[in-house]
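Here's the letter readout for the chains.
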Number of protein chains: 2
Amino acid sequence: MKKNVTLNDIAQKLNVSVGLVSLVLRGKWKENRISEEMAKKVNKAAKDLGYKPNAMAQALRTGKSKIIGLIVADIANPFYGKIARIIENEAYNKGYQVIFGSSDEDLCKFEKVVEAMKSRQVDGLLVVPVIGSHEVLQAIQESNIPTISIDRYLTDAKLPYVVTDNYKGSYDIGLYLQQKGYQNIAFITKESPLSNFIERNKGFEQSMKDTGINYQKHALSVDNWNEELVQLIRDMDTSKVDAIYFAQNMLAVEGLKTVNALHSDELDKLAIISFDNPEIFEINRPTITCYQQPLQVLAEKAVQELINSIESKQSKDISLKIEGKLIIRQSC
Amino acid sequence: MKKNVTLNDIAQKLNVSVGLVSLVLRGKWKENRISEEMAKKVNKAAKDLGYKPNAMAQALRTGKSKIIGLIVADIANPFYGKIARIIENEAYNKGYQVIFGSSDEDLCKFEKVVEAMKSRQVDGLLVVPVIGSHEVLQAIQESNIPTISIDRYLTDAKLPYVVTDNYKGSYDIGLYLQQKGYQNIAFITKESPLSNFIERNKGFEQSMKDTGINYQKHALSVDNWNEELVQLIRDMDTSKVDAIYFAQNMLAVEGLKTVNALHSDELDKLAIISFDNPEIFEINRPTITCYQQPLQVLAEKAVQELINSIESKQSKDISLKIEGKLIIRQSC
DNA sequence: TTGTAAGCGTTATCAA
DNA sequence: TTGATAACGCTTACAA
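Residues numbered from 1 in each chain as written. Chains lettered and ligands numbered in written order. Predicted model: local features only at pLDDT ≥ 70, side-chain atom pairs only at ≥ 80, totals over all residues. Heavy atoms only, no water.

**Considering the packing of helix α5 (residues 78-93) of chain B against helix α13 (residues 295-312) of chain B**
All names here are of chain B. Orientation of α5 relative to α13, taken along the N-to-C sense of each, is 45 degrees, at an axis distance of 9 Å. Our classification of the angle between α5 and α13 gives oblique. Judged by the sense of rotation from one axis to the other, the crossing of α5 with α13 is right-handed. Of the residues in α13, those touching α5 at Phe-79, Lys-82, Ile-83, Ile-86, Ile-87, Glu-90 and Ala-91 are Leu-295, Gln-296, Ala-299, Glu-300, Val-303 and Gln-304. Looking at the contact of α5 with α13 residue by residue, the classes come out as 8 nonpolar, 2 polar and 3 charged. (Axes fitted to C-alpha atoms, helices over the stretch in contact; angles between N-to-C directions. Helix = DSSP H or I, 4+ residues; strand = E, 2+ residues; numbered from the N terminus. Parallel < 35°, antiparallel > 145°, perpendicular 65-115°, else oblique. Left-handed = near helix turned anticlockwise from the far one by under 90°. Contact = heavy atoms within 4.5 Å. Nonpolar A, V, L, I, M, F, W, Y, C, P; charged D, E, K, R; others polar.)

Here it is as structure tokens:
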């Protein structure tokens, strides 16, 4: 039962004041004209006693917790897991810690998590906004906690965001399909008011228009897409389709599951392409061609922007759309 | 730029003392004989002003941060992502928040994360220990931060743990292989000093002994398993093997990648079974039979045990080994 | 060059 | 039934 070492302990041991110790330990001894000799003594004592600053006390005093909150849809989803990983790294490097929560795409949970984080005095927030969350997010902004949307953004909230260029990505997929000579595309997507789907849908439809390719759009409902998808693939008229485009990893994964389970020669002949790049795509037979989101850049930029606006208090409303890249494999 | 509402704000508005407000807001007004009328007024004012307690101040004052630290190998790995998700839920339900870090199986990083968490005054720690971390973990124990190992444990540290019964799982896989009539198993595992591999290896070897099945053990090195695995599968003498057992999801995933890429009729004839149950197993052709770890129970128990020992200060050294279950699919 | 003291928002102990 | 006040560990403006 070792008690934590405090500034006071160090001060007492050396018979100096806590203020002095504090200044030295934060490297401010030079500008406060503290003798180098003193500085050395203090540093040594701190090391000897194994001093670790109490982050809570620092936070309380300075009003900066050095914690950033991360709210994703579901940390168990590898897509968000990867993002979380990069964010964590970047944040640690800058002296911040990450506290996370999953929203499950549920507004109510999202709000709860936001509240919890606010009361933890997070310095800033990185959020994957859920449907209907604009009010909550607006409120955070007003309480002066820098917040950045990642992965998607809400058109009705004026939050800065860092996202993939979904429009371009989806448009490029269309172009690629044209280049490969496909004529009839089954476009499987979701009917969602969230920016990522809106833009993927727009982008693809535009490129279909521009290239003149036939396509059928299947916009599944957000909360029942799973069953609808299975049905859709079961009923697919393979004589009228030569390629399937899944607009999201979850769609593709469930889709492949169904396709593989059906073992139908007809289905197997179809070309497949998808947004996102889950690990399965490298294992499936055939391996799946896809548009990979620039997760590394995206997450890094998001953290950098966030920390910038935390530390400089000037919320320059910079939003970014970053391009991903097509990864060509066997399926298409 | 709204400032946060404090107890003081409420107190001033009502012309009462902060102490009074504090007591009411924490539901202690009854045992402190505060008038119900007063209590109501205070609660109302708190709600009106939108009061949110400052967790930092509470933490500083009470010495309890209500934060638990979670250290996994890599949050981007869906296996740990899933665990994190369950832990998060369970913790939130009990009023705790989760701060996480990834060790990358690197002792140095592990130690850094631990330090960061200690200085955040975490109330407790859930860790996936890395090789060589017994000293750090011992040190945490001594500084009186309840800590529980999950997923695996170190034989040379006396930390409580909550893990899958790896021995039993691996043993049962052997039994299942016997039942299905396989005669020559390629057992692909890692040569690791960590409990999970030790026990999976022991369990399987024992069951091979008990059943009298032939097997060849390929214990890959911890830091170069990837390349060794590819080589191993490439060179596999399929005439001498009728089934492969992968002792871990990462091994299986890379293994399947290689097998699928080789497209060899010989390899395709082999039965496959694996420890763990990543999503790919449901998509692969054939779908993969495996032993699924009881993640839900495991993570829940871990959180419960941890919070118990945080709140009751009595560190009853309860460790748990929980059984998973065999999921039978097409591959075996 | 160093010490003193106020204060961050709470909680808890007394006193009134 | 309620109010004053010290304390948690730290930072910082000001005094010495």
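From this point, the discussion proceeds with the structure in view.
**Details of a negative patch on the surface**
Residue and element names in this part refer to chain A. A surface patch of negative charge is lined by Asp-106, Glu-111, Glu-135 and Asp-156. Assignment of secondary structure puts Glu-111 in helix α6 (residues 107-119). Looking at Glu-111, the relative accessible area reads 33%, which means it is partly exposed. (Patch = residues over 30% accessible without salt bridge, like charges linked within 9 Å, V, L, I, M, F, W, Y side chains within 5 Å. Areas by Shrake-Rupley, 256 points an atom, 1.4 Å probe, with all protein chains shown as cover. Salt bridge = Lys/Arg side-chain N within 4 Å of Asp/Glu carboxyl O. Lys, Arg positive; Asp, Glu negative; His and termini not counted. Charge placed at Lys NZ, Arg CZ, Asp CG, Glu CD. Buried < 20%, exposed > 50% of the residue type's maximum accessible area, 1.4 Å probe, protein only.)

**Side note on the domain arrangement of chain A**
All names here are of chain A. Per the domain assignment, the segments of chain A are domain 1 (7-53), domain 2 (66-164 + 296-323) and domain 3 (166-292). Just the C-alpha atoms count here: the centres of domain 2 and domain 3 sit 29 Å apart. The largest contributions to the domain 2 side of the interface with domain 3 come from Ile-131, Thr-164 and Glu-323, which together make up 42% of the buried area. For the pair domain 2 and domain 3, the interface holds 2 salt bridges. The partner of Lys-168 in a salt bridge is Glu-323, with the nearest N and O atoms 3.1 Å apart. Joining domain 2 to domain 3, the criterion identifies 5 residue pairs in polar contact (both at pLDDT 80 or more). (Domains from an automatic or database assignment. Buried area = accessible area lost by both parts, 1.4 Å probe. Polar contact = N/O pair within 3.5 Å; in protein donor to acceptor, adjacent residues only side chain to side chain.)

**Some remarks on the nonpolar core**
Counting residues in each nonpolar core, the largest one holds 85 residues, and the members touching the most others are A:Leu177, A:Ile185, A:Tyr245, A:Phe246, B:Tyr245 and B:Phe246. Apart from residues no more than four positions distant in its own chain, B:Phe246 is found in contact with B:Ile188, B:Leu229, B:Ile233, B:Leu251, B:Ala252, B:Gly255, B:Ile272, B:Ile273, B:Ser274 and B:Phe275. Within the second largest apolar cluster, 58 residues are counted, among which are A:Ile75, A:Ile148, A:Leu295 and B:Ala73. (Core = buried A, V, L, I, M, F, W, Y, C linked by side-chain atoms within 4.5 Å.)

**Remarks on the sheet that holds strand β10 (residues 289-292) of chain A**
Residue and element names in this part refer to chain A. Spatially, the 6 strands line up as an open sheet ordered β7-β6-β8-β9-β10-β12, and their pairing is mixed. Two strands bound the open sheet, and with one partner strand each, they are β7 (214-221) and β12 (325-327). With strand direction ignored, the average angle separating the axes of adjacent strands in the sheet is 20 degrees. Of the strand pairs in this sheet, strand β8 (residues 243-246) and strand β9 (residues 271-275) are connected by 4 bridges, and their pairing is parallel. Counted as the bridge partner of Ala-243 is Ala-271 from β9. With respect to the sheet, helix α10 (residues 225-234) is in contact with β6 (184-191), β7 and β8, its orientation differing from that of β7 by roughly 145 degrees. (Pairing = 2+ DSSP bridges.)

**A few points about the protein's contact with DNA strand C**
DNA strand C sits among 24 residues. The nearest are A:Arg61, B:Leu7, B:Ser22, B:Tyr51 and B:Arg61. The contact atoms of DNA strand C, taken as those within 4 Å of the protein, divide so that sugar and phosphate hold 66%. A:Ser35 is positioned such that a nitrogen or oxygen atom in its backbone is 3.0 Å from a phosphate oxygen of DNA strand C. For the surface near DNA strand C, the elements supplying multiple residues, two or more each, are α4 (55-62) of chain A together with α2 (18-25) and α4 (55-62) of chain B. When residues of the surface near DNA strand C are assigned to their parent elements, the largest contribution, 4 residues, is made by α4(B). Of the residues assigned to the surface near DNA strand C, the class counts are 9 nonpolar, 10 polar and 5 charged. (Near = heavy atom within 4 Å.)

**Let's talk about the packing of helix α6 (residues 107-119) of chain B against helix α7 (residues 134-142) of chain B**
All names here are of chain B. Running from N to C, α6 and α7 cross one another at 15 degrees; their axes reach a closest spacing of 10 Å. Viewed along their axes, α6 and α7 adopt a mutual orientation that is roughly parallel. In terms of crossing hand, the pair formed by α6 and α7 is left-handed. When α6 is examined against α7, the residues Leu-107, Phe-110, Glu-111 and Val-114 are found in contact with a partner set consisting of Val-136, Leu-137 and Ile-140.

**Things to note about the protein's contact with DNA strand D**
A:Leu7, A:Tyr51, A:Gln58, A:Arg61 and B:Ser17 are the nearest of the 24 residues found near DNA strand D. Protein-proximal atoms of DNA strand D, defined as those within 4 Å of the protein, fall in sugar or phosphate at a share of 67%. Between a sugar or linking oxygen of DNA strand D and a main-chain N or O atom of B:Arg33, the distance comes to 3.4 Å. Contact distances for DNA strand D include 3.0 Å between a base nitrogen and a side-chain N or O atom of B:Arg61. For the surface near DNA strand D, the elements supplying multiple residues, two or more each, are α2 (18-25) and α4 of chain A together with α4 of chain B. Considering every element that reaches the surface near DNA strand D, the biggest residue donor is α4(A), with 4 residues. Tallied by class, the residues present in the surface near DNA strand D amount to 10 nonpolar, 10 polar and 4 charged.

**Points about the packing of aromatic side chains**
All chains considered together, the criterion is met by 17 aromatic pairs over all chains. Geometrically, the ring pair formed by A:Phe100 and B:Phe100 is edge-to-face, given 5.0 Å between the ring centres and 85 degrees between the ring planes. Note that A:Phe100 is positioned in strand β2 (residues 97-102) and B:Phe100 in strand β2 (residues 97-102), a pairing that runs across two chains. Across this residue pair, the class does not change: A:Phe100 and B:Phe100 are buried. When the centroid spacing of 6.2 Å and the interplanar angle of 15 degrees are considered together, the rings of A:Tyr167 and A:Tyr171 count as stacked. Placement of both A:Tyr167 and A:Tyr171 in helix α8 (residues 166-179) is noted, with a separation of 4 residues, approximately one turn of the helix. Residue classification places A:Tyr167 among the partly exposed positions, given a relative accessible area of 33%. Across the ring face of A:Phe197, the terminal group of A:Arg200 is positioned such that the distance to the ring centre comes to 5.7 Å. (Phe/Tyr/Trp six-rings, centres within 6.5 Å; stacked < 30°, edge-to-face > 60°. Lys NZ or Arg CZ within 6 Å of the ring centre and 35° of its normal.)

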